Amino acid sequence: MDNETEVKSDVSAPVPSVTEKGVAKEALLVSGAILLGSFIIAGAVLTLSTKPGTVAKGTAADTPLAAPANADPEDTSAVISLDDDPILGDRTKAKVAIVEFSDYECPYCKRFHTDTFDALVKEYVDTGKAVISFRDYPLSFHDPKATIEAGLAECVRKEKGDSAYFAFGKSLFANTLTNGKGLPEGTLNGLITKVGAKVASVTACAETDAVKQEIAKDMADAAKAGVTGTPSFVIGTLDAQGNVTGERVVGALPLS
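Attention here is on the structure that accompanies the text. (Residues numbered from 1 in each chain as written. Predicted model: local features only at pLDDT ≥ 70, side-chain atom pairs only at ≥ 80, totals over all residues. Heavy atoms only, no water.)

Description of the packing of aromatic side chains
Step number 1: Within the structure shown, the criterion is met by seven aromatic pairs.
Step number 2: Pairing Tyr-104 with Phe-173 gives two aromatic rings, centres 5.0 Å apart and planes at 45 degrees, and the pair type is tilted. In this pair, Tyr-104 is assigned in the loop between strand 6 (96-102) and helix 2 (107-115) and Phe-173 in helix 5 (residues 162-175), connecting sequence segments 69 residues apart.
Step number 3: Its relative accessible area of 2% is what places Tyr-104 among the buried residues.
Step number 4: For Phe-173, a relative accessible area of 2% corresponds to the buried category.
Step number 5: Three or more aromatic residues joined by ring pairs make a cluster, and in this case those are Tyr-104, Phe-134, Tyr-165, Phe-166 and Phe-173. (Phe/Tyr/Trp six-rings, centres within 6.5 Å; stacked < 30°, edge-to-face > 60°. Helix = DSSP H or I, 4+ residues; strand = E, 2+ residues; numbered from the N terminus. Buried < 20%, exposed > 50% of the residue type's maximum accessible area, 1.4 Å probe, protein only.)

Written as structure tokens, this is what we have:
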């Protein structure tokens, strides 16, 4: 199972070299034993990284997903609100909500939206079983691009509504170079006009305190729900007040 996510701090471990020319036979035997041991340890770590609550970082040492203070790391239960954030689907009919906390510069978020999102919408949203809500969680090491893009998406929504918001977000994920590098030069304005919004008004809106506060509120609510990385989801039952009671799921997971 693909369970990749990005956490607040990007930690990786160096991989030591065990090859040295011209050593004695005894030293070669010792080196071989060390190398074999490192393969065994690496295999064990990779096996553990497939469990919920861990992060596959592409190195020999995976970083455990940090738990909020005073929280049980094994407890994946979570309660979150749809708040006033964009929604895909009919909340008056759906019994289930999927709340995504995401970052437009996160490569694993891009993978989820490239590989899984459309199939998820087709099977659960289009059939009326669930709604999907997108809430912002730009990671600090992807800024300023991540927060800028989140603000632009919020302002596209203010001007053109939820459907334009999700269409613009889809274009952001499709075009971003990820990891804080942003979009290819000259791309952004075309993405804004493609969904029918005005470049001048959207870019001006993104600089306002109201939009910055909206993003900050999403991040604060995420922290209360135990979210520490992206992409993260709270999936659960939806009540009439827009509260979602369920479980926290982490990573760029496949539809299954």
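So much for the structure itself; the text now carries on.
Concerning the environment of Ala-222
Step number 1: Within the fold, Ala-222 resides in helix 8 (residues 209-224).
Step number 2: Note: C-alpha distance between Ala-222 and Phe-233 (eleven residues apart in sequence) is 9.6 Å.
Step number 3: With sequence-adjacent residues up to four places away left out, Ala-222 is seen in contact with Phe-101, Tyr-137 and Val-227. (Contact = heavy atoms within 4.5 Å.)

Observations regarding unusual backbone geometry
Step number 1: Omega for the peptide link from Asp-143 to Pro-144 comes to 10 degrees, which places this bond in the cis form.
Step number 2: By the secondary structure assignment, Pro-144 is in the loop between strand 7 (130-136) and helix 4 (145-160).
Step number 3: Going from Thr-230 to Pro-231, the amide bond is cis rather than trans, its omega being -10 degrees.
Step number 4: Along the chain, Pro-231 turns up in the loop between strand 8 (229-230) and strand 9 (232-238).
Step number 5: Although it is not a glycine, Asp-83 sits at a positive phi angle of roughly 55 degrees.
Step number 6: Its place among the elements puts Asp-83 in the loop between strand 4 (77-81) and strand 5 (87-88).
Step number 7: Judged by relative accessible area, which is 28%, Asp-83 ranks as partly exposed.
Step number 8: One non-glycine residue, Asn-179, lies in the positive phi region at around 55 degrees.
Step number 9: The residue Asn-179 is located in the loop between helix 5 and helix 6 (188-194) in this model.
Step number 10: Asn-179 gets classed as partly exposed once you look at its relative accessible area, which sits at 40%.

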